[in-house]
Amino acid sequence: MKVHAEILTAASSDTPGTIILLHFDSKRYVFGQFAEGSQRAFMERHVRLSKVRDLFLTGPVEWKNTGGLVGIMLAMGDPDGTRTEQQRQAIYGGENLLYTLSTMRRFVFRTGMNLSVNEIQVGAPDFVDENVVIRTLHVQPDDASVKEPDCKSKQEFLGKAVNDMFCSSWTMNTMVDDLSESEILDGGEDAESERNPQLSTKLPPKGKTRAPWPASTIESLPDTSPNTVSLCYILHLHEQRGKFLPALAKKLGVKPGPDFSRLSRGESITTPDGKVVRPEDVMEPSREGTGIAICDLPNPAYLSNFVAASEWADIEAVQRRIGSFFWIVAGTVISDPRFQEFVSKFPNSKHIVSSMDVCSDRINFKAAAKSAVLLNSLDPELFPEPRLDCSPRLAIDTGVFDIAIPGLQWQLEPKWHLNTKTVEQPFNRQDIAQSEALCAAAKQYQETISTITPSAGAGHDIEIFTLGTGSSLPSRHRNVSSTLVRIPGVGNILLDCGEGTLGQLKRLFSHEPGGLNRVLTDLKAIYISHLHADHHLGTTSILGLKRSLQKDEKIHVVAPRIFHTWLKEYSCAEPGMDKVLESNIISVLCEELQTGSNQLPAPESLLHTLHLTALETAPAIHCLSSFCVSFTFTPYFKLSYSGDTRPNDSFVGIGADSTVLIHEATFKDDMVAQARAKKHCTVGEALWVGRDMGAQTVVLTHFSQRYPKLAAVAGVVEVRNVLLAFDCMRIKVGEAGRFALLKRGLEEIYREEEEEE
């Protein structure tokens, strides 16, 4: 039997959480922090989540450890409907895990999963299955107040809510009687013209209405408060039975055949002459099951309770059974004398450290990094190269510690061994070869743009950074939706903020003066178009880090009412987030800015902060509480953003004469039926919207992951400038016209990549 534990992710800008995969031939287990970027890391490493049976969250239940969990859970399901049978899968974590997931009930939904979510209580029995025994350590910080465990009724309520989110039998055809007389009367042929376009594209039968999915009907959740208890795990393999000795069995009168098999299975047999032969008579001695410890200590306040745990009292037994400690820690923990003393007690064990203060900031998404390097070779201004720094950070004693690197394996069976041959090689931009054809295209492009005079109109110096340009879920080449708009002399705006946005900002801006901190201190507003997970799950990280930099600074969050409801509900479980809501956020509702008779003017504080003369929204044709938006700045510059929508006359109205339109273009033009069904736009439809608006520049984004690299624009469209967005692309408005000259170079880049693949 071969068993190993492998580092899947180590602390980095791309993957702030640490994840460890325990690999048996028959089954996989995953331990660690499921931070933002985790799902994308699984894709990059070609790890199939369908093979994973049990996930164990380490550390406290807070966003830095759970921000990528829902993406992992959805990927564990059957998004394509191709599996004939759903295997049992389970997730384990600390208190507030069920609450955290329940807050997402209005926008996360998957049917038919065979999934259980479990909060591990203090004193709970060990996890035991056919392969391992797993003990959970509940480690409290020194300053933790005594918190009563959740009552049974609260656990049951939240458990049912999560079950309804992932395991219900609801379908789009689940109908209930519509008891509203007016609805029944209006349910005939004329109903199509009156129905809400944000609802389903297919009307229910007369007298019926579509039932909402079960979890979405829950109005509110039981009260909770942050829980700072950190979960660590000690796991052991079962006792390993000794090798069967056939020569000895024969000597004792056992005949080869079924009796050999019975003895190998641990059964006693009786020989023909009446002698009883026991398994231990004909087998080598059994070996004690060995294992590993996975220890998540967020800061030094957790050390006292950790080192005092009774599980470490028998030092000889720990050294005999624990082959490796996996440490998920902060740098301040490593330098603490209590930690150093603890580690010194177990010199025969390996000590593998994953820490943002120790691990080099390696590039984990290599496919995207390779594209970035090649694009940068064409136009460094349009395609700035993300920070590619793989140098070590805080130095530690490598005679005692091994630094966690993706691919590093600790082998438990058949014998202890640290395998470094499986380590992922660091990304090196020097390894990216450029063909003669690409070099020629780049040279021609540079010669051509030198003859072009940039526009000097209003807003010419505004920069648009397309941080994430994919739809639905991240891929190896594109992250999910987010766009940063940088307005000189005013500040920054984020248009949507999907999971991993903070990591993209770190890669893109760390080399600039002031780096990421300056980007966040200049961030004046966040706009959220709707509550699909790929558009807003990065917001919590951004808000938390901004508060740490500017405790008293205000930020406007313009979003649908349902987003503010979610953020307020979730803040009850997140340490410090209640302070963000109370002291930092100015909430602005998209519903109140909606064009029409009930429209309210944007708050004066927002208009003043962003130098706006108008801010308007229009209902998107996508899902409930989804919106398009248009910002009008002074001096006149108009920026419109579609979010997710079908072609929309209301949006065309508020976006008329836009200087820049950023529009989703999820599908190619040959997939109109899919675009209609999923309420998205094709490339051509997005360009028609730009034409009807009279937009000067159209930036196309939010491409389906069917098109991971390059989406083509077909036909002739009456728009001056059309740009296809790439992750971490920088568009200076006055120089938008240069993109049209890149056609040859882009074709060379992606032709070469396709040939390599």
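As a starting point, this report considers the structure included with it. (Residues numbered from 1 in each chain as written. Predicted model: local features only at pLDDT ≥ 70, side-chain atom pairs only at ≥ 80, totals over all residues. Heavy atoms only, no water.)

In this section: the sheet that holds strand β11 (residues 230–237). Read from one edge to the other, the open sheet built from seven strands follows the order β7-β8-β11-β14-β15-β16-β17, with strand pairing classed as mixed. For this open sheet the edge positions go to β7 (127–128) and β17 (402–403), each flanked by a neighbour on one side alone. Sheet topology places strand β16 (residues 350–354) next to β17; two bridges connect them, and they run parallel. Bridging across to β17, V353 finds its partner in I403. (Pairing = 2+ DSSP bridges. Helix = DSSP H or I, 4+ residues; strand = E, 2+ residues; numbered from the N terminus.)

To continue, consider the layout of surface pockets. In this structure, the second largest pocket encloses a volume near 1100 Å³. What lines the second largest pocket is a set of 40 residues, and nearest its centre among them are P16, E62, K64, M356 and K506. Looking at the lining of the second largest pocket, the elements with two or more residues in it are α2 (63–66), β14 (291–297), β15 (322–329), α16 (501–509) and α19 (539–549). A total of five residues in the lining of the second largest pocket trace back to one element, the largest contributor, which is α19. Looking at the lining of the second largest pocket residue by residue, the classes come out as 14 nonpolar, 15 polar and 11 charged. (1 Å grid on protein atoms, 1.4 Å probe; cavity = no way out; pocket = protein on both sides within 12 Å on 5 of 7 lines; lining within 4 Å. Points joined across faces, edges and corners; volume = space filled by probe spheres on them. Nonpolar A, V, L, I, M, F, W, Y, C, P; charged D, E, K, R; others polar.)

Using the criterion set out here, one finds 38 salt bridges in the structure. Across the pair E569 and R106 runs a salt bridge, and its minimum N-O distance is 3.9 Å. Placement of the pair is E569 in helix α20 (residues 561–571) and R106 in the loop between α4 (97–102) and β6 (115–119), with a sequence separation of 463 residues. Each of the salt bridges in this network shares a partner with another, and the network as a whole consists of K27, D54, R88, D129 and E130. (Salt bridge = Lys/Arg side-chain N within 4 Å of Asp/Glu carboxyl O.)

Bringing the sheet that holds strand β20 (residues 463–468) into the picture now. Within the open sheet, the seven strands sit side by side as β25-β24-β23-β22-β21-β20-β32. Their pairing is mixed. A strand with exactly one partner marks an edge of an open sheet, and here the two such strands are β25 (585–589) and β32 (729–732). Going across the sheet, the axis of each strand differs from the next one's by a mean of 20°, ignoring polarity. Across four bridges, the pairing between strand β22 (residues 491–497) and strand β23 (residues 523–527) is parallel. (Axes fitted to C-alpha atoms, helices over the stretch in contact; angles between N-to-C directions.)

Moving on, we get to the pairing of strand β4 (residues 52–57). Along any regular strand the residues' side chains alternate between the sheet's two faces. With six of six residues buried, β4 is to be regarded as a mostly interior element. Strand direction decides the pairing type here: strand β3 (residues 28–32) and β4, joined by five bridges, are parallel. Note that in β4 the partner of R28 across the bridge is V52. In this region the chain leaves β3, passes through helix α1 (residues 38–44) and returns to the parallel neighbour β4; the handedness of that crossover is right-handed. Bridging between β4 and strand β5 (residues 89–93) involves three bridges; their strand directions are parallel. Residue pairing for β5: L55 is matched across the bridge by I91. (Buried < 20%, exposed > 50% of the residue type's maximum accessible area, 1.4 Å probe, protein only. Right-handed = clockwise from strand over helix to strand, strands pointing away.)

Below, the discussion takes up empty space enclosed by the protein. For the coordinates displayed, the defined rule picks out seven cavities of 30 Å³ or more. If you go around the second largest cavity, you meet 13 residues; those closest to its centre are S481, T483, Y641, T701 and H702. When residues of the lining of the second largest cavity are traced back to their parent elements, those giving at least two are β21 (482–487) and β29 (660–664).

Turning to the packing of aromatic side chains, a few remarks are in order. Summed over the entire model, instances satisfying the criterion amount to 35 aromatic pairs. A ring pair is formed by F633 and F637, whose centres lie 6.0 Å apart and whose planes are at 45°; its orientation type is tilted. Take F633 and F637: they sit in the same class, and that class is buried. The rings of F306, W312, F325, W327, F339, F342, F346 and F401 are connected pair by pair, giving a single aromatic cluster. Cation over ring: R40 sits above F365, and NZ or CZ is 4.4 Å from the ring centre. A cation over an aromatic ring shows up here: R478 above the ring of F726, its NZ or CZ 5.5 Å from the ring centre. (Phe/Tyr/Trp six-rings, centres within 6.5 Å; stacked < 30°, edge-to-face > 60°. Lys NZ or Arg CZ within 6 Å of the ring centre and 35° of its normal.)

Another aspect to go through is the environment of K350. With respect to the element layout, K350 can be found in strand β16. Owing to a relative accessible area of 31%, K350 belongs among the partly exposed residues under this scheme. It is 8.8 Å that separates the C-alpha atoms of K350 and I322, two residues lying 28 residues apart in sequence. Every residue in contact with K350, bar those within four places of it in the chain, is listed here: G323, S324, F325, D402, W410 and L418. (Contact = heavy atoms within 4.5 Å.)

A word on the packing of helix α14 (residues 366–378) against helix α15 (residues 436–449). Between α14 and α15, the shortest axis-to-axis distance is 8 Å and the interhelical angle comes to 45°. As summarised for this structure, α14 and α15 are arranged oblique, according to the angle between their axes. Residue-level inspection shows L374, S377 and L378 of α14 in contact with α15, the latter providing L438, A442, Y445 and Q446. Looking at side-chain class alone, the contact of α14 with α15 contains five nonpolar, two polar and no charged residues. (Parallel < 35°, antiparallel > 145°, perpendicular 65-115°, else oblique.)

Another aspect to go through is helix α25 (residues 683–693). Buried residues dominate α25, accounting for eight of its 11 residues. Turning to α25, its buried residues number three or more, namely V683, G684, E685, A686, L687, V689, G690 and M693. Turning to α25, the residues buried within the fold contact β28 (637–641), α23 (649–654), β29, α24 (672–678), β30 (697–701) and β31 (721–724). At the exit of α25 stands G694, carrying a positive phi of roughly 80°.

So, about unusual backbone geometry. Look at the link from E413 to P414: it is a cis peptide, with omega at 10°. As for its placement among the helices and strands, P414 is situated in the loop between β18 (409–413) and β19 (417–419). A cis geometry characterises the amide bond from T634 onward to P635, with omega recorded as -5°. Position of P635 among the secondary structure elements: in the loop between β27 (627–633) and β28. Even without glycine at this site, S625 takes up a positive phi of about 60°. Relative to the elements of secondary structure, S625 occurs in the loop between β26 (612–619) and β27.

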